[in-house]
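Residues per chain are reported as follows:
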Amino acid sequence: MESVLVTAVIPCLDEERTVGACVGKALESFKALGVAGEVVVVDNGSTDGTARVAAERGARVIHESVKGYGAALRTGIESARGQIIVMGDGDDSYDWSAIGPFVQKIQEGFDLVIGNRFKGGILPGAMPPLHRYLGNPVLSAITRLAFGVKVGDVHCGMRAFTREAFARMRMGTPGMEFATEMVANAAHHGLRIAEVPTRLYPDKRGRPPHLRTFRDGWRHLRFILTHAPDYLYLGPGALLLGSGLLLQLLLVRGPVELGGMYFGSHFLALGALLALVGFNVINLGVLAKAVMARRYPALSSRMLDLLTGRYTLEIGLIAGALMMLAGLVVDGAILAERLANPGAPMESTVHLAFFASTIVGLGLNVLFSSFLLAMVIHTRADD
Ligand SMILES: Nc1nc2c(ncn2[C@@H]2O[C@H](COP(=O)(O)OP(=O)(O)O)[C@@H](O)[C@H]2O)c(=O)[nH]1
Ligand SMILES: [Mg+2]
């Protein structure tokens, strides 16, 4: 049997009106490009004639019972026989006759090629204004920032990649967030990414799309937040911890009056709270980064190199114990003074005691989280 070079993968949920045209155009493309190709249609539980129409037009039809765009695509891609995979919707909104530039970019040596509909043109009625002017550009910008990639249209459904690149990306999400995950994982694994202008046509199926604006928008955002610990934890955590410590330091010697306003123990308590919460948020960020380092060995970050190279449980334990000790010494001194002068007003020492106790609390946190960090860093990655 002639070996297949390109596999077109089309995920379908009730697309009997359009899947035939997509399959036909993909097969024509293979002929025009002079490559051996196959079309795989993944039927995702359709109740219409999708599977029959696709098979009649010459596709190899496979079935995936787990619902979702990502689940369907993954199954289709894993069954592909070609070295190069082109994926795209079965609603005839992407032009399956125009896959040449995708295949070409792969042959030039790129691992992943993503269409860009903003560059290729969006025909009237092809994309709702809310997605075109708000949802997609905003989520694409956040994705670029969070993962350091240059991809203009992160949700574009027409893409190409090598089978090997797909294996390296280790995709796992079942829904529409698959599109974002692929961009993130490609970046984290250091794959070479290219873009090609792609035109988007109105789909021709005569019913609403499967994509649901808010449910799927949230799924993209959820994925980004979960996988961008610098932005989710480290930035906000540093801000909280910094402002909490600053507030405490300002008030450590007693109440302060600023511009006629009195800053007393209420603000002291707020400072302690901010510092503790901020520290815990940073703590989670460090753990999340350590988890990501296990998952994405190609990911480079100075913090990670430092952690994986130098960190030992003992360092964490000693740091935590020293912090606790420092706080306890101050607290002890305050207690001794109180015992010596039982009648002295509390106000003179409460500020310092608050600060010292906050440091004890932070030290305790360091102590306990050190164990989990050590476990994450020194456990072998499972693959
Ligand atoms: N949303 C969704 N799409 C699916 C599913 N299974 C297969 N698909 C196919 O995935 C493609 C993209 O879906 P579509 O509704 O066109 O989303 P949109 O192009 O992002 O608006 C279509 O070919 C669908 O038929 C599923 O369970 N959910
Ligand atoms: Mg579509």
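Residues numbered from 1 in each chain as written. Chains lettered and ligands numbered in written order. Predicted model: local features only at pLDDT ≥ 70, side-chain atom pairs only at ≥ 80, totals over all residues. Heavy atoms only, no water.

The secondary structure content of the chain amounts to 14 helices and nine strands. Computed over the C-alpha atoms, the radius of gyration of the chain is 28 Å, more than 25% above the 21 Å expected from 2.2 N^0.38 for a compact globule of 383 residues. In the chain, which comprises 383 residues, the share counted as buried stands at 47%. Intrachain contacts of the chain at a sequence separation of at least 6 include 76% that bridge at least 24 residues. Here the chain displays about 18,900 Å² of accessible surface, and carbon together with sulfur accounts for 64% of that area. The positive charge centre, built from 36 side chains, and the negative charge centre, built from 33, are 3 Å apart in the chain. (Helix = DSSP H or I, 4+ residues; strand = E, 2+ residues; numbered from the N terminus. Rg over C-alpha atoms; globule rule 2.2 N^0.38 Å. Buried < 20%, exposed > 50% of the residue type's maximum accessible area, 1.4 Å probe, protein only. Contact = heavy atoms within 4.5 Å. Areas by Shrake-Rupley, 256 points an atom, 1.4 Å probe, with all protein chains shown as cover. Lys, Arg positive; Asp, Glu negative; His and termini not counted. Charge placed at Lys NZ, Arg CZ, Asp CG, Glu CD.)

Turning next to the pairing of strand β1 (residues 6-12). Among the seven residues of β1, seven are classified as buried, and the element is accordingly described as predominantly covered. Here β1 shows a buried face lined by Val-6, Ala-8, Ile-10 and Cys-12 and a second buried face lined by Thr-7, Val-9 and Pro-11. Here β1 pairs with strand β2 (residues 37-43) via seven bridges, running parallel. Paired with Cys-12 across the strands is Asp-43, a residue of β2. Note that the unit made of β1, helix α1 (residues 19-33) and β2 has a crossover that is right-handed. (Pairing = 2+ DSSP bridges. Right-handed = clockwise from strand over helix to strand, strands pointing away.)

Pairs can form between side chains of opposite charge once their charged atoms are near each other. Evaluation of the coordinates by the stated rule reveals 16 salt bridges. The closest approach of N and O atoms between Arg-192 and Asp-111, which form a salt bridge, is 3.2 Å. Taken together, the positions of Arg-192 in the loop between α8 (178-188) and β7 (193-197) and Asp-111 in the loop between α4 (100-107) and β5 (112-116) put the pair 81 residues apart, joining distant regions of the chain. With a shortest N-O distance of 3.6 Å, Lys-119 and Glu-195 are connected by a salt bridge. A residue pair is termed long-range when its members are at least 10 positions apart, and Lys-119 in helix α5 (residues 117-120) and Glu-195 in strand β7 qualify at 76 residues. Overall, Lys-119 belongs to the exposed group, its relative accessible area being 59%. (Salt bridge = Lys/Arg side-chain N within 4 Å of Asp/Glu carboxyl O.)

On to the nonpolar core, then. Grouped together as the largest cluster of nonpolar side chains are 66 residues, with contacts concentrated most on Val-39, Val-41, Trp-96, Phe-161, Phe-178 and Met-182. Non-local contacts of Val-41, meaning those with residues more than four positions away in its chain, are made with Ile-10, Cys-12, Val-19, Val-23, Ala-54, Ala-59, Arg-60, Val-61 and Ile-62. Leu-234, Leu-307, Tyr-311 and Ala-374 belong to the second-largest nonpolar core, a separate cluster that totals 10 residues. (Core = buried A, V, L, I, M, F, W, Y, C linked by side-chain atoms within 4.5 Å.)

Enumeration over the complete set of coordinates arrives at three aromatic pairs. For the ring pair Tyr-69 and Phe-178, a centre distance of 6.3 Å and an interplane angle of 90° mean the geometry is edge-to-face. Within this pair, whereas Tyr-69 is found in helix α3 (residues 69-78), its partner Phe-178 is found in helix α8, the two being separated by 109 residues in sequence. (Phe/Tyr/Trp six-rings, centres within 6.5 Å; stacked < 30°, edge-to-face > 60°.)

Each assigned domain of the chain is listed with its residue range as follows: domain 1 (6-223) and domain 2 (229-377). Each partner contributes to the interface: domain 1 provides eight residues, whereas domain 2 provides seven residues. In this assembly, domain 1 packs against domain 2 so that about 600 Å² is buried in total across both faces, 59% of it on carbon and sulfur atoms. Ranking the residues of domain 1 by area buried against domain 2 places Leu-145, His-188 and His-189 at the top, with a combined share of 70%. At the junction of domain 1 with domain 2, the criterion picks out zero salt bridges. Linking domain 1 with domain 2 are one residue pair in polar contact (both at pLDDT 80 or more). At three residues, α8 tops the list of elements feeding residues into the side of domain 1 that touches domain 2. (Domains from an automatic or database assignment. Buried area = accessible area lost by both parts, 1.4 Å probe. Polar contact = N/O pair within 3.5 Å; in protein donor to acceptor, adjacent residues only side chain to side chain.)

The subject of this paragraph is the site of ligand 1. Close to ligand 1 lie 16 residues, the nearest being Glu-15, Asn-44, Gly-90, Asp-91 and His-210. Between ligand 1 and Pro-11, the relevant distance is 2.8 Å, taken from an oxygen atom to a main-chain nitrogen or oxygen of the residue. Between ligand 1 and Gly-68, the relevant distance is 2.8 Å, taken from an oxygen atom to a main-chain nitrogen or oxygen of the residue. (Near = heavy atom within 4 Å.)

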